[in-house]
Amino acid sequence: MKFRFLFIIFIFGLYTSISFHSQNCTWNGSIDGDWHTIGNWTTSDLGAVIASRVPTSSDSVIIISSVNDPIIGAAAEAGTLTINSGGLLEISGVNFLNVAGTVTINGTLTLNTFIGGIECGSDWDDTGGSFILNGFDKVIFDGSGSHTINTNSNFIMLEINSGTYKASSNFSVQSLLSISGGAILDPDVNTITIDPGTSFTNNGNLVFSNSSGIFDVNGTATFTNSGTIDMTAGGTLKLSLESPDIGGTGTFTSGTGTVEYDRDNISFPSGNQTIDEVTYNNLTINGTDDTDVKTASGTTLDVNGNL
């Protein structure tokens with residue numbers, strides 16, 4: 001009886017180890033370009049072809065070059081996403097592709113949406129291919145643990161909803177950047193640029209883990225900090241906003257970092273700028289000439305390092 005019981009446990013364990021792992025769903029495009037058509041997929045398990053299905057959140061999705069390139073016109077999901085060289089994938093409408101794990105683009109991913117886009121729960125790397133944005137396209141990072149963003153492109157709307165995301169390359173954001181409570185965005189050794197007109201809202205953590213990291217907020221962007229800005233390890237926060245409020249309703253830790261005010265009268269009608277009343281480590285004030293007036297917002301300006 002004991003032997004039979006152990007044998008049943010062994011068989012159950014073997015079954016579950018085989019059943020509960022990711023399977024590959026490879027795009028073949030043999031019928032049309034609809035992501036949700038079962039016949040467009042070749043599904044394999046440990047190398048053996050099995051019954052085709054539309055990918056689930058546990059499947060490793062592979063997009064290859066095909067006669068009919070896939071278009072996502074309704075909500076879709078994947079465990080991981082790999083677009084091979086020559087492979088093309090488009091997301092359209094108001095729809096999202098929710099990828100639980102990594103996104104690797106060696107082909108082309110095109111977003112042609114209206115506040116739709118893609119969610120990524122792990123590392124992002126499009127440096128081997130092309131990432132094209134055409135509309136009000138959103139990229140959401142919502143993993144747990146530490147991950148990287150490695151891109152040759154820029155983002156229109158970027159949300160860091162959970163986890164820690166470090167930049168592995170320079171990139172800019174052109175419309176909206178938000179960091180949710182508990183989430184961390186870190187430029188690491190790279191530069192994250194917030195373009196003019198972009199809304200930046202920090203309800204989480206903007207952390208500089210390396211002295212070479214730069215977070216550059218430009219011109220007519222809006223800057224709202226209700227979370228934490230941590231420059232303990234250094235880095236540079238560059239501001240060309242007319243009246244930035246660094247501390248906001250959150251916290252600002254100057255650490256060993258540098259804050260640079262760099263509004264000038266060449267890029268803007270006026271180079272005048274208000275210096276926020278927070279405690280700085282290093283404070284750098286730049287402008288074009290003596291007509292660019294920098295004014296402290298309060299009666300006290302504390303600089304612990306270099307001015």
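The structure we're discussing is the one just above.
What you are looking at is a predicted structure, and each value in this text was computed from that prediction instead of being measured.

This part covers the environment of serine 144. One can find serine 144 in strand β14 (residues 136-150). Look at serine 144 and you get exposed, because its relative accessible area is 61%. Taking the C-alpha atoms as reference, serine 144 lies 7.2 Å from glycine 121; in sequence the two are 23 residues apart. With near-sequence residues (within four places) excluded, serine 144 lies in contact with Gly121 and Gly163.

Core analysis: the largest hydrophobic core is formed by 62 residues, its most contacted members being Leu97, Ile118, Trp124 and Phe215. Here this core gets seven residues from one element, more than from any other, and that element is strand β15 (residues 155-167). If near-sequence neighbours (up to four positions away) are discounted, leucine 97 is found in contact with Trp35, Ile72, Ala76, Glu77, Ala78, Leu81, Leu89, Ile91, Gly117, Ile118 and Glu119.

Another point: the pattern of salt bridges. Counted according to the given criterion, the structure contains three salt bridges. Across the pair arginine 53 and aspartate 59 runs a salt bridge, and its minimum N-O distance is 2.6 Å. What makes arginine 53 partly exposed here is its relative accessible area of 24%. Residue aspartate 59 is classed as buried on the basis of its relative accessible area of 1%. Salt-bridge contacts for lysine 138 lead to glutamate 159; the nearest nitrogen and oxygen are separated by 3.0 Å. With a gap of 21 residues between them, lysine 138 in strand β14 and glutamate 159 in strand β15 connect regions that are remote in the sequence. Glutamate 159 shares its class with lysine 138; the two are buried.

With burial as the criterion, only one face of strand β19 (residues 199-202) is covered, namely that bearing Phe200 and Asn202; the residues Ser199 and Thr201 on the opposite face remain uncovered. Where β19 lies against strand β22 (residues 222-225), four bridges are found, and the strand directions are parallel. Bridge pairing links phenylalanine 200 to phenylalanine 223 in β22.

Bringing the packing of aromatic side chains into the picture now. This model, assessed by the stated rule, comprises 13 aromatic pairs. Where tryptophan 124 meets phenylalanine 141, the ring centres are 5.9 Å apart and the plane angle is 85°; that geometry is what we call edge-to-face. Within this pair, whereas tryptophan 124 is found in strand β12 (residues 124-125), its partner phenylalanine 141 is found in strand β14, the two being separated by 17 residues in sequence. Exposure remark for phenylalanine 141: the relative accessible area of 0% places this residue in the buried category.

This brings us to the state of the cysteines. This model, assessed by the stated rule, comprises zero disulfides. The cysteine cysteine 25 is free of any disulfide, with cysteine 120 supplying the nearest cysteine sulfur at 18 Å.

Let us look at the side chain of aspartate 137. One can find aspartate 137 in strand β14. One buried charged residue, aspartate 137, forms no salt bridge at all, with the nearest opposite charge on lysine 138 at 11 Å. Among the polar contacts made by the side chain of aspartate 137, one reaches the side chain of threonine 113 at a distance of 2.7 Å. With sequence-adjacent residues up to four places away left out, aspartate 137 is seen in contact with Leu111, Asn112, Thr113, Gly116, Ile156 and Met157.

Its identity is not glycine, yet isoleucine 115 carries a phi of approximately 60°, on the positive side. Following the sequence through the fold, isoleucine 115 ends up in strand β11 (residues 108-120). Residue classification places isoleucine 115 among the partly exposed positions, given a relative accessible area of 39%. Despite not being glycine, aspartate 188 shows a phi value in the positive range, around 55°. As for its position among the elements, aspartate 188 is in the loop between β17 (184-186) and β18 (191-194).

Analysis parameters
- Residues numbered from 1 in each chain as written.
- Predicted model: local features only at pLDDT ≥ 70, side-chain atom pairs only at ≥ 80, totals over all residues.
- Heavy atoms only, no water.
- Helix = DSSP H or I, 4+ residues; strand = E, 2+ residues; numbered from the N terminus.
- Buried < 20%, exposed > 50% of the residue type's maximum accessible area, 1.4 Å probe, protein only.
- Contact = heavy atoms within 4.5 Å.
- Core = buried A, V, L, I, M, F, W, Y, C linked by side-chain atoms within 4.5 Å.
- Salt bridge = Lys/Arg side-chain N within 4 Å of Asp/Glu carboxyl O.
- Pairing = 2+ DSSP bridges.
- Phe/Tyr/Trp six-rings, centres within 6.5 Å; stacked < 30°, edge-to-face > 60°.
- Disulfide = S-S within 2.5 Å.
- Lys, Arg positive; Asp, Glu negative; His and termini not counted.
- Polar contact = N/O pair within 3.5 Å; in protein donor to acceptor, adjacent residues only side chain to side chain.

Remember, this is a structural readout, not a statement about activity or role.
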